[in-house]
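Here are the chains, one letter per residue:
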Amino acid sequence: MSTGSVEVVYRGIFQKTLAKNICRGIVLAARKEGKIGTAFGRYGDSPERNGIPAKQFAVVSDTAEELEEHLARYEPDNNDVTIVVDDALCKGVESWAWYGLQPINKLLGKGGTLLVTSYQSPNKLIKTIHRKGDPYNLALIKAQASFSGLWVYKDDHTDVRLLGALAKVAPHIVSLESIVAAIAEQWKDDGKVASAKKSYDLVESGPVGADQGSDEKPFSFDLPGWTKMEEGLVIRGMSAQPQDVPGRDGGYVPTRSETFKKFSTRTMRPVINFDTCTKCTLCWLNCPDTCFDITPDGFYDANMEACCGCGVCEAVCPVSDCVTMVNEESFEDHDSQWEMWAKDKESYSAWLSEKIADKPARSHGFHHVGQYAEEIGK
Ligand code: SF4
Ligand code: SF4
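Here the structure is a predicted model, which is why all the values come from computation and not from measurement.

Cut-offs used in this document
Residues numbered from 1 in each chain as written. Chains lettered and ligands numbered in written order. Predicted model: local features only at pLDDT ≥ 70, side-chain atom pairs only at ≥ 80, totals over all residues. Heavy atoms only, no water. Domains from an automatic or database assignment. Contact = heavy atoms within 4.5 Å. Buried area = accessible area lost by both parts, 1.4 Å probe. Salt bridge = Lys/Arg side-chain N within 4 Å of Asp/Glu carboxyl O. Nonpolar A, V, L, I, M, F, W, Y, C, P; charged D, E, K, R; others polar. Near = heavy atom within 4 Å. Core = buried A, V, L, I, M, F, W, Y, C linked by side-chain atoms within 4.5 Å. Buried < 20%, exposed > 50% of the residue type's maximum accessible area, 1.4 Å probe, protein only. Helix = DSSP H or I, 4+ residues; strand = E, 2+ residues; numbered from the N terminus. Axes fitted to C-alpha atoms, helices over the stretch in contact; angles between N-to-C directions. Parallel < 35°, antiparallel > 145°, perpendicular 65-115°, else oblique. Left-handed = near helix turned anticlockwise from the far one by under 90°. Pairing = 2+ DSSP bridges. Polar contact = N/O pair within 3.5 Å; in protein donor to acceptor, adjacent residues only side chain to side chain.

(A) Main features of the domain arrangement of the protein. Parsing the protein into structural domains produces domain 1 (3–208) and domain 2 (239–257 + 268–357). Facing five residues of domain 1, the contacting portion of domain 2 comprises four residues. Overall, the association of domain 1 and domain 2 removes approximately 420 Å² of surface from exposure, summing both partners, and the carbon and sulfur fraction of that is 44%. Between domain 1 and domain 2 we count one salt bridge in total. Between Lys 91 and Glu 328 there is a salt bridge whose closest N-O contact spans 2.8 Å. For the side of domain 1 that touches domain 2, the residue count by class is one nonpolar, one polar and three charged.

(B) Spatial organisation of the site of ligand 2. In the neighbourhood of ligand 2, the contacting residues comprise Cys 277, Thr 278, Lys 279, Cys 280, Thr 281, Cys 283, Tyr 300, Cys 317, Pro 318, Val 319, Cys 322 and Val 323. Considered class by class, the residues forming the shell around ligand 2 number nine nonpolar, two polar and one charged.

(C) Geometry of the nonpolar core. Residues Val 6, Ile 22, Ile 26, Val 81, Ile 83, Leu 115 and Leu 166 are the most contacted members of the largest nonpolar core, which totals 39 residues. Mapped onto this core, the elements with two or more residues apiece are strand S1 (3–11), helix H1 (16–32), strand S3 (53–61), strand S4 (79–84), strand S6 (136–141), helix H4 (158–169), helix H5 (176–187) and helix H6 (190–202). Filtering out sequence-adjacent residues up to four positions away, Val 6 remains in contact with Ile 26, Gln 56, Phe 57, Ala 58, Asn 79, Val 81, Ile 83, Leu 166 and Ile 173. In this structure, Phe 274, Val 323, Trp 341 and Tyr 348 belong to the second largest nonpolar core, which totals 26 residues.

(D) Focus on the site of ligand 1. With respect to spatial proximity, the complete set of residues near ligand 1 consists of Cys 287, Pro 288, Cys 291, Phe 292, Cys 307, Cys 308, Gly 309, Cys 310, Gly 311, Val 312, Cys 313 and Met 325. When grouped by side-chain class, the residues that make up the shell around ligand 1 number 10 nonpolar, two polar and no charged.

(E) Representation of the environment of Ser 175 within the structure. Position of Ser 175 relative to the elements: it lies in the loop between H4 and H5. The spatial distance from the C-alpha of Ser 175 to the C-alpha of Val 85 is 21 Å, given a sequence separation of 90 residues. Residues contacting Ser 175, with those up to four places away along its chain left out, are Glu 33 and Ala 167.

(F) Quick peek at the packing of H4 against H6. Where H4 meets H6, the closest approach of the two axes is 7 Å, and the angle between their N-to-C directions is 40°. Here H4 lies oblique to H6, going by the angle between them. With respect to the hand of their crossing, H4 and H6 are arranged in right-handed fashion. Listed contacts from H6 to Val 160, Arg 161, Gly 164, Ala 165, Ala 167 and Lys 168 of H4 are Lys 192, Ser 195, Ala 196, Ser 199, Tyr 200 and Asp 201. Of the residues assigned to the contact of H4 with H6, the class counts are five nonpolar, three polar and four charged.

(G) Layout of unusual backbone geometry. Of note, the phi angle at Thr 281 is positive, near 80°, even though the residue is not glycine. Along the chain, Thr 281 falls in the loop between strand S8 (268–272) and helix H7 (282–286). For Asp 321, which is not a glycine, the phi torsion comes out positive at approximately 55°. Tracing the sequence through the fold places Asp 321 in the loop between helix H8 (312–316) and strand S11 (323–327). Overall, Asp 321 belongs to the exposed group, its relative accessible area being 60%.

(H) Local environment of the pairing of S1. Among the nine residues of S1, eight are classified as buried, and the element is accordingly described as predominantly covered. As paired elements, S1 and S3 share nine bridges and run antiparallel to each other. For Ser 5, the partnering residue across the bridge sits in S3 and is Val 59.

(I) Here's a closer look at the environment of Glu 328. By the secondary structure assignment, Glu 328 is in the loop between S11 and helix H9 (337–343). Along the primary structure Glu 328 and Ala 88 are separated by 240 residues, whereas in three dimensions their C-alpha atoms are 6.1 Å apart. Beyond its immediate stretch of four places on either side in the chain, Glu 328 contacts Ala 88, Lys 91, Arg 266, Thr 267, Met 268 and Arg 269. For Glu 328, the side chain forms a polar contact with the side chain of Lys 91, separated by 2.8 Å.

(J) Structural detail: the pattern of salt bridges. Counted according to the given criterion, the structure contains 11 salt bridges. Here Lys 32 makes a salt bridge to Glu 185, at a shortest N to O gap of 2.4 Å. A residue pair is termed long-range when its members are at least 10 positions apart, and Lys 32 in helix H1 and Glu 185 in helix H5 qualify at 153 residues. The salt bridge involving Lys 35 is made with Glu 33; its shortest N-O contact spans 3.1 Å. The class for Lys 35 is buried, based on a relative accessible area of 15%. Taking relative accessible area as the criterion, Glu 33 reaches 31% and is therefore assigned partly exposed. Several salt bridges converge on common partners, so that one network encompasses Lys 91, Arg 266, Arg 269 and Glu 328.

What follows is the structure, given as structure tokens:
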């Protein structure tokens with residue numbers, strides 16, 4: 001008797017169909033082996049919003065009784081595999097469903113596998129993942145984050161590649177034969193079957209030690225206990241008073257939510273060239289999340305704890321290459337870009353060039369047959 005569970009962490013809306021396809025594929029494949037399974041999203045993540053981390057699960061058991069028993073605990077917290085379909089999520093996730101930042105490996109069981117789509121090296125990626133305290137495995141398939149819209153199916157084979165890789169890292173949940181049979185039945189596409197098999201062969205997996213990874217303490221909040229809760233539904237407004245920033249004299253920093261920071265929504269972030277900025281105000285006026293602090297010398301500094309990475313500032317900036325969206329995976333902190341620039345303009349310029357050079361297209365998937373093989377050099 002055994003039960004296996006898989007958690008899929010994805011970007012709300014943009015990857016909803018991708019996550020659904022993966023979980024559905026697992027359950028269909030398990031049925032080919034005479035097992036029983038179910039796939040479901042988490043109520044707390046609904047309604048989804050663009051880019052906000054969300055989760056779906058697939059649970060597979062040998063018998064209906066065992067499956068029922070397992071599902072009595074609504075959220076499987078000891079998953080065999082956690083699949084992550086955007087490697088920027090490895091820095092931690094903040095969602096509707098909890099307060100604060102949750103490490104990406106929090107619901108992964110001891111000895112389980114974190115399976116990520118990424119072009120980063122395992123060592124670089126591990127540095128961004130919070131220490132788990134238990135050993136686990138990190139498996140990578142080379143792929144970029146595959147984004148599309150609500151209900152849209154992006155046919156770039158990311159779903160079947162992940163299913164093939166899953167069969168390799170967790171054969172006790174589904175075998176490659178079952179995955180191949182389910183894909184052939186579901187999609188009736190030999191190309192997808194070939195992609196799943198190729199991914200099974202190419203997935204790279206290695207151990208991560210209990211104390212390997214980032215030692216950052218994920219931010220969290222004390223929630224009121226039952227005895228401290230107020231009557232009725234209380235929605236506190238934010239103070240209209242600007243914030244004081246220690247060491248910063250002048251400028252304007254709006255008050256922001258202390259309990260919902262939003263930065264884990266981001267898969268890209270803006271970098272700003274203050275040398276070419278004309279202080280036109282358009283980024284500040286148009287940012288939907290009030291992210292821009294006005295600096296004492298009248299520049300606009302995007303606050304990286306508040307930015308959700310929507311790209312509006314890049315789109316509205318009238319100065320060529322003054323605001324550039326860059327892969328979130330290139331950054332390790334939320335430091336103020338304006339402070340870096342004000343401190344040392346030459347170093348900032350070098351930093352800016354380096355970041356802008358590391359600007360792979362994240363959101364476009366694959367466009368032609370063979371592009372994946374070209375990109376990974378196979
Ligand atoms: S990407 Fe730009 S416009 Fe969008 S939230 Fe961030 S700072 Fe604001
Ligand atoms: S939109 Fe561009 S030029 Fe205008 S203030 Fe913002 S960064 Fe500067």
